[in-house]
Each structure stands twice: as C-alpha cells, then as structure tokens.
Amino acid sequence: MNKNALILTRLGRCAIAILCFIALFVTEVQAQTKATWIWYPGDYEIWLSNKMQNRRTERGSFFPPFWKLDSHYVLIDFHKDYNIASSEEAEIAVEGQYNLKIDGKAVAGYPKKITLPAGKHRISLKVYNQAAVPAVFVKSAHVVTDNTWQVTFEDKEWIDASGKTSDISATQYLQAGSWNFNEANTSPSAFRLPVKPQQAVSKDKKARSIFVDFGKETFGFVKLHDVKGKGNVTLYFGESREEAMSLDGGELVDKFEVNQDKSGDLTFDGSRAFRYVNVVFDENVSIGDVSMLYEYLPVEQRGSFKCSDEQINKIWDVSAYTMELNTREFFIDGIKRDRWIWSGDAAQSYLMNYYLYFDSPSVTRTISALRGKDPVTSHINTIMDYTFYWFISVYDYYQHTGDKAFIKQSYSRMQSMMDYCLSRRNKDGLMQGLTGDWVFIDWADGLSKQGEVSFEQMLLCRSLESMALCANIMKDTKGSAKYGALAKDLKAKLFTYYWNAQKHALVHSRVNGKQTANVTRYANMFGIFFNYFTEAQKQDVKKYVLMNDKVQKIVTPYMRFYELEALCAMGEQDYVLKQMKDYWGGMLNLGATSFWEEYNPDKKGAEHYAMYGRPFGKSLCHAWGASPIYLLGKYYLGVKPTAPAYSQYLIEPKLGGLQWMEGTIPTPKGDIKLKVSTTQIKVTADTGTGTLRIKSKTKPGCNDAAVRATAGGYYEITIQKGKTFTVNYKAV
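Predicted model only: the values in this text are computed from it and were never measured.

### Remarks on empty space enclosed by the protein
1) Next: As enumerated under the stated definition, the model contains seven cavities of 30 Å³ or more in all.
2) Next: Space inside the largest cavity adds up to approximately 280 Å³.
3) Next: Forming the walls of the largest cavity are 22 residues, and the residues nearest its centre are W67, K68, D70, L370 and R371.
4) Next: Elements represented by at least two residues in the lining of the largest cavity include exactly helix 2 (43-53) and helix 6 (360-371).
5) Next: Sorting elements by how many residues they give to the lining of the largest cavity places helix 2 first, with four residues.

### A few points about helix 11 (residues 522-529)
The α-helix advances 3.6 residues per turn, and as a result positions three or four apart in sequence lie on the same side.
1) Next: With eight of its eight residues buried, helix 11 lies for the most part within the structure.
2) Next: Along helix 11, the residues classified as buried are Y522, A523, N524, M525, F526, G527, I528 and F529.

### Thoughts on the sheet that holds strand 22 (residues 304-307)
1) Next: Strand order across the open sheet formed by six strands is 22-30-31-32-37-34, with antiparallel pairing between neighbours. Looking along the sheet, the strands with just one partner apiece sit at the ends: strand 22 and strand 34 (701-702).
2) Next: Strand direction decides the pairing type here: strand 32 (residues 680-685) and strand 37 (residues 724-728), joined by five bridges, are antiparallel. Bridge assignment links K682 to a residue of strand 37, and that residue is T726.

### What about the sheet that holds strand 27 (residues 514-515)?
1) Next: With antiparallel pairing, the three strands of this open sheet are ordered in space as 23-26-27. For this open sheet the edge positions go to strand 23 (452-453) and strand 27, each flanked by a neighbour on one side alone.
2) Next: Sheet analysis places strand 23 next to strand 26 (residues 509-511), joined by two bridges and oriented antiparallel. Paired with E452 across the strands is R510, a residue of strand 26.
3) Next: Across the sheet, helix 10 (residues 477-498) lies against strand 23, strand 26 and strand 27, angled at about 70° from strand 26, the strand it touches most.

### Some points on the confidence of the model for the chain
1) Next: This prediction gives the chain a mean pLDDT of 94; 94% of its residues lie at or above 70.
2) Next: Within the model, pLDDT remains below 50 along residues 1-32, and this stretch shows 78 contacts once partners closer than five positions in the same chain are excluded.

### A short note on the pairing of strand 30 (residues 660-667)
1) Next: Most of strand 30 sits out of view: six of its eight residues are buried.
2) Next: Here four bridges tie strand 22 to strand 30, and the two strands are oriented antiparallel to one another. Note that in strand 30 the partner of S304 across the bridge is T664.
3) Next: In this structure, strand 30 lies alongside strand 31 (residues 670-677), joined through eight bridges in antiparallel fashion. From the neighbouring strand, P666 faces strand 31, where its bridge partner is D671.
4) Next: Taken together, strand 30 and the strand that follows it, strand 31, pair antiparallel across an intervening segment of two residues.

### Considerations on the side chain of E243
1) Next: The residue E243 is located in helix 3 (residues 241-245) in this model.
2) Next: Judged by relative accessible area, which is 1%, E243 ranks as buried.
3) Next: A distance of 3.0 Å separates a polar atom in the side chain of E243 from the backbone nitrogen of E239.
4) Next: Setting aside anything within four residues of it in sequence, one finds E243 in contact with F237, G238, G250, E251, L252, K336 and F616.

### With respect to unusual backbone geometry
1) Next: In this structure, P375 follows D374 across a cis peptide bond, with omega equal to 0°.
2) Next: Following the sequence through the fold, P375 ends up in the loop between helix 6 and helix 7 (384-401).
3) Next: Despite not being glycine, K475 shows a phi value in the positive range, around 60°.
4) Next: If you trace the backbone, K475 turns up in the loop between helix 9 (454-473) and helix 10.
5) Next: Its relative accessible area of 71% is what places K475 among the exposed residues.
6) Next: Even without being a glycine, A645 presents a positive backbone phi close to 65°.
7) Next: On the accessibility criterion, A645 (16% relative accessible area) is buried.

### Considering the nonpolar core
1) Next: Counting 201 residues, the largest nonpolar core has V233, V279, Y389, F455, F526, M559 and M580 as its most contacted members.
2) Next: Leave out the neighbours within four places in its chain, and F526 touches Y389, F455, M458, L459, M559 and Y562.
3) Next: With 24 residues, the next largest nonpolar core counts I38, L116, L125 and V138 among its residues.

### Describing the packing of aromatic side chains
1) Next: A complete count under the given rule lists 62 aromatic pairs for this structure.
2) Next: Seen from their ring centres, Y40 and F153 are 5.6 Å apart, and the 85° between their planes marks the pair as edge-to-face. Of this pair, Y40 sits in the loop between strand 2 (38-39) and helix 2 while F153 sits in the loop between strand 12 (150-152) and strand 13 (174-175); the two residues are 113 residues apart in sequence, bridging distant segments of the chain.
3) Next: Using a relative accessible area of 6% as the deciding quantity, one classes Y40 as buried.
4) Next: Positioned over the ring face of W340 is R56, at 4.6 Å from the centre of the ring.
5) Next: It is K216 that lies over the ring of Y321; its NZ or CZ is 4.4 Å from the centre.

### Here we look at the pairing of strand 7 (residues 97-102)
Looking down a regular strand, the side chains alternate between one sheet face and the other.
1) Next: Burial along strand 7 is one-sided: the residues Y98, L100 and I102 are buried and none of Q97, N99 and K101 is.
2) Next: Bridge count for strand 7 against strand 10 (residues 119-128) is six bridges, and the pairing is antiparallel. Its bridge partner being in strand 10, K101 is matched across the sheet by S124.
3) Next: Relative to strand 8 (residues 105-107), strand 7 runs antiparallel, the two being bridged by three bridges. Among the inter-strand pairings, L100 is bridged to a residue of strand 8, identified as V107.
4) Next: Hairpin geometry of strand 7 and strand 8 is characterised by an intervening segment of two residues between the two adjacent antiparallel strands and by a positive phi of about 55° at D103.

Reading the values: rules and limits
- Residues numbered from 1 in each chain as written.
- Predicted model: local features only at pLDDT ≥ 70, side-chain atom pairs only at ≥ 80, totals over all residues.
- Heavy atoms only, no water.
- 1 Å grid on protein atoms, 1.4 Å probe; cavity = no way out; pocket = protein on both sides within 12 Å on 5 of 7 lines; lining within 4 Å.
- Points joined across faces, edges and corners; volume = space filled by probe spheres on them.
- Helix = DSSP H or I, 4+ residues; strand = E, 2+ residues; numbered from the N terminus.
- Buried < 20%, exposed > 50% of the residue type's maximum accessible area, 1.4 Å probe, protein only.
- Pairing = 2+ DSSP bridges.
- Contact = heavy atoms within 4.5 Å.
- Axes fitted to C-alpha atoms, helices over the stretch in contact; angles between N-to-C directions.
- pLDDT = per-residue confidence, 0-100.
- Polar contact = N/O pair within 3.5 Å; in protein donor to acceptor, adjacent residues only side chain to side chain.
- Core = buried A, V, L, I, M, F, W, Y, C linked by side-chain atoms within 4.5 Å.
- Phe/Tyr/Trp six-rings, centres within 6.5 Å; stacked < 30°, edge-to-face > 60°.
- Lys NZ or Arg CZ within 6 Å of the ring centre and 35° of its normal.

Structure, rendered in structure tokens:
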C-alpha cells in the first residue's frame, strides 16, 4: 500500500478531532478568566500556514508555493507578573523543552504542576521547539495563560562578573498570541479540522470503475468501502463531470496500490476538492461503495439575507457556501488548485467574513501568516498590489473589531513592510515594477503593467493612510505625521500625473514620464469608494468609465467585487442588482453550486472550465466569487461601522428594485437585525449607537425615536441598542 495515500480507517481519528477541537470555536478568550495556549504572535500562524500551503498537488506531484516561506522562532521566553492572595496549584503544559522559573529561580525538571506562592511574583518559562511552535498553557484559579502574557524571541539582558543584571533592559516584549486552544490536552501542534461523513447523490457502477456525483462542490477525503484484492486504484477528481471523465486532462489525479485479502474500508489520506470522482481500479480489485469525509472549519454563520427576489436569495446562499468551503485554517483562494493564502483574495474574504461570520481569529490568522517575518525581501506573494491590500486590511480589521492588541502585535512588521515599499519608489516617488515584482491588478487580456500604473499609486496612498491611522493607535506621533504627509503628497501626484480632463478619468499609467492614452476601470473605481474624487469627478468616472462599454470590461469576480462596490457607492443599486443577476445568475444557470474564479458569458460549454492554458485549470470554487455577501450587507441592507467595533454605525438601506429584504449583520458584541419594505423598516441592535438614514416621499414616523430632516432629502433616526425601532415611510 502506498504510504502517502491510504489509511485503514479514519473514523476514530475524526471522532477525536471533533471532540477535541469543536469547542475551540465557541467563544473568544477573555483575559484572566480562561486559560488558553499561547505563543509568540504570528508564529503559530506561520507554522500552520506552511503545513497547509504545502499540501497542494497536481496529478500526484507536490506543488509548493513559489514565494519565500518563513519559520517560527524556535526559542521563546514567556512571563507573567501576578498578585494572588493565597498560594494555588497551577497546571502546566508545554510544547517543547522548557525551564520554569518563579522570580528568576528555576524549578527542577519539567514540572506538570507547580504551587504558585501568594503575593506579587513573576512566573516565566523559556521554551525550545524546532519541530513545532513553542507554546505554553498555565492554569490555576487566578493565573492563566492568555494575551496579557509577555513574550520575546530574544533576551537582551546581560550579567556582569559579579552576577548583577543590567539596569536597563533592551528586550522587546509583545503580548502573546493565541487562538482558542482552551484545554491542556488540545495542543496546538495536533490541530486538524474536523470532518463529517457525506454521501454521494448518484453512482454509476461498472466492472472496473465507479463514477460518483456528490451533488455539489465539496472538499474532504474520499472513502472507499468494502475494498478487497491486490492492484491499482486511480481517483480522477472533477469540479465538473467533464474533468472527472478526462483521464489525462484533469487537475487532480491520485493513484495508489491496495493489497487486502479481506474486505475493508480505505480512506484516501489527502484532502481534495471535487463534485465528481471517477474511481478506476484493476480487475483484481473490488470496491463496494464510495463516500467521503467532509472537512470544515466550524464557524457560526451569523449573517443572513433574504429578499423578494428568489434568484438573489440563491446567489446569496451559494456565495455563503463558497465562503464556507474557502474558510479553512485560513482564508484561501480556492479549494481545488492553489489552496494557498493570497493577500488580494484574502482581503475580499475579510470583508465578506464581516457580513457572514464575523470570525475575527480567521482574519488575524490570515493577516499574520501573510506577513511572515523580517527581514522583508519581496512583496507579499511577490505581488505589489497584494502588499498594499495587506496594509489596508489591518486597519480595516481594527475598524470592524476595535482590536488594538492586534495592531500592537503587528505594528513593527507594518513599519518594516512599508520601509521596503518606500525604498522601491522611483525618482518621482512612484511605484513601478522592479525585478522580482509581480504587478498583478487582475486577470485581463492585454492589460499593461508597464511604467507607473495609477492603480498601484492609488493602493499605496491608501496604505500610507492606513499606516498613519495605526500609528495614531500606537501613539506614534512622528510615524503618524510621516505617513500622513507621504499619503497627502502621493494623492496630489495621482491627480497631477494621471487625471485627464478630456477623458474625464485617471489614465491607466505613465511611461517615461508621460500619460498613456489608455483608461481602465481599476484606479477609477477605487477612487470612488476611497472617496478621493470630487462629486463632479465621481459623476464623470461613472459616466465615462464605469458605464462605458468601450472601456475594457472586467470578467473576474475578483474585480467585479470592486466595480460593483463603486457603483453602489454612487447609488446605482438598481443597476448593480441586475448585474448580480446577470453575472452570478449566469453561473447558476450553468449549474454552478459554488462561484468561480472567472466567468465570461461569451464562452460556451467546456470552454468555461479552461484557464492558464489548461482545459480544467479554472477554479469553480473561488473565494472572490462570493462578493454578493458583502455587497448585499453593506450597500443594500446598508450597514457599516463608522467607529471601531460598531460603537457607532450607519444603516442606509437601499432596496435597489427589491420589494422587501431582511437580514442580520454580525458585530463584535451582538447582531443588528433589519427588515425593510417600501413602506416600513424595523431595526433591532444589540450593540452601539446607530444612525438610520433614509429617503422618503413624506416625513417618516417612528414609534420610539425622533425623526430628523437632513440635507439632500434624507431623514435620520438614532438607533439605541436593546430596542426595536419601527419606522413607517414611503420609499423614493
């Protein structure tokens, strides 16, 4: 039997995985109330991402990422200063070799339990682990490992000949990182996603093959039942029927040998994406049945959306399932091919997550894994624009969650990443692709990446603004002033160098110091929702670029996300709803059960599956295809934070041609629930103070709040938490 292919049974291990890890996702850790495993911030995320991203195969061959992979620090110092009224026994669990000290005095051996003395003391552990991440779990009645512990990877203390330690420490400490490993026996290095059985919806069984359809896109481990004999078995996986039937064109093929005198079950020990599986076996082998173990991240779907249009409801549901499949240990791009963490893809997943799960740990894990370690030697994923999305995502995470601790953990790495970017500007202070840089932007035929591309300057400008805001959180006044000044200067250059009054838009690029004639959608649509344009410029861009069929069209859901966001920001919800129905509805009409990496309605039949010069190269389950979740939550239900963690927020619903809609928007401290029709709006909020802003043909009436008339024909009502507000109005 192939040692890399099969294991006899997986059911016992699955049960253990579910019992041990399902509880990890129930609640967030609260300081001083619950013990959790801790590590140096970012290290576990880097280690786990390395494991996940190196699982990719193509037709049985190992296919690793092509960018630099960092590793964890192998020696970490942990400490906590505590003050307890009486002594208490503490449970100790550690991953790695370690010493434990109380007030600098070592405890012999590797203690599993220790008595903590009463009063003010310091407990410290130094842990070495080359194979996995140094991690610590301590639990007593009042002293627990959590994010208040201090950690460092280098101890810069020194001791003189008399034994005296230095008076001033140069050691830099950070708050510990953690996830939700809240029991001593749930060691971080043993983590695996849980699985559950899933049955096929149809099977075509022949003498030497079984063709299986699981009814929809799925992900996990193929299980063969009642296997007997000696010979080869080949699994041809397919997101489409055509791919599974193609013996030499499919992306995922695995071949292994069985040797079983007695009938038994075998589970393929490699997770794969598929809807169809074509199981082909030698004549000396018999297989009774085929099923699978579905692998998943057990996060709660808190967000919801329903409306009067059943096709839109289906689009939202399939978008939610697409996100479910691509939300794994991290937010990944797609489940069939790469299964890697791409910053541009992840940036959209964060936004969709805020309206579907609001699972903060998935965001911080992914951001930390993407950044890696210093020194910086290349852009994130080697892609210039993906580095800028990373900066923007960090502050956006803070705006949604109010998590200052994560900013503090990340800020020094933000600074060194930005130093790298600024060092690569040209004499005019602009970014252009240098050797080793991938200027991606989008998958688009003939899209120029030469010279100084306006889109890259737009993203750098927003990144500098994000840096200035994070510097303020860190009370780094010099940094805030520096990044703010750089952003202001670059924004001015955007319009000096790229705005073309005759074209009513930003041109795509400059080459040799001169504007090119080409106008594309990218910088122009970002300029709208970044609010960089004047109102007149926004209207020009909408007319001459976004609504202009002569400007190169976007065919990827990736950039359709931003194009439709820009149009929604301009109040074009009616138009965007039709676009969603045409574009995402077009995929549904072709039988999609999850949304694709790219969709071009001009293609026919199996042409839809081809990409990268391969007949089945396209991913039919790609995270960036799930953007209707974000658009419908932010621009139709109209809910967004205006202060960190939804302490203040705006509700500006737009039906966009719908007769009614309702939904739930998750926040850090509860949900915001909304029902909207053409005559009535009901709002209930668990958190913060909100502003409901609407247009109405007549002055609205509200059961329990004053209605204020504002500029532009709008009316506003203050929404307080814990109450239900009913507003009667007449939709414009």
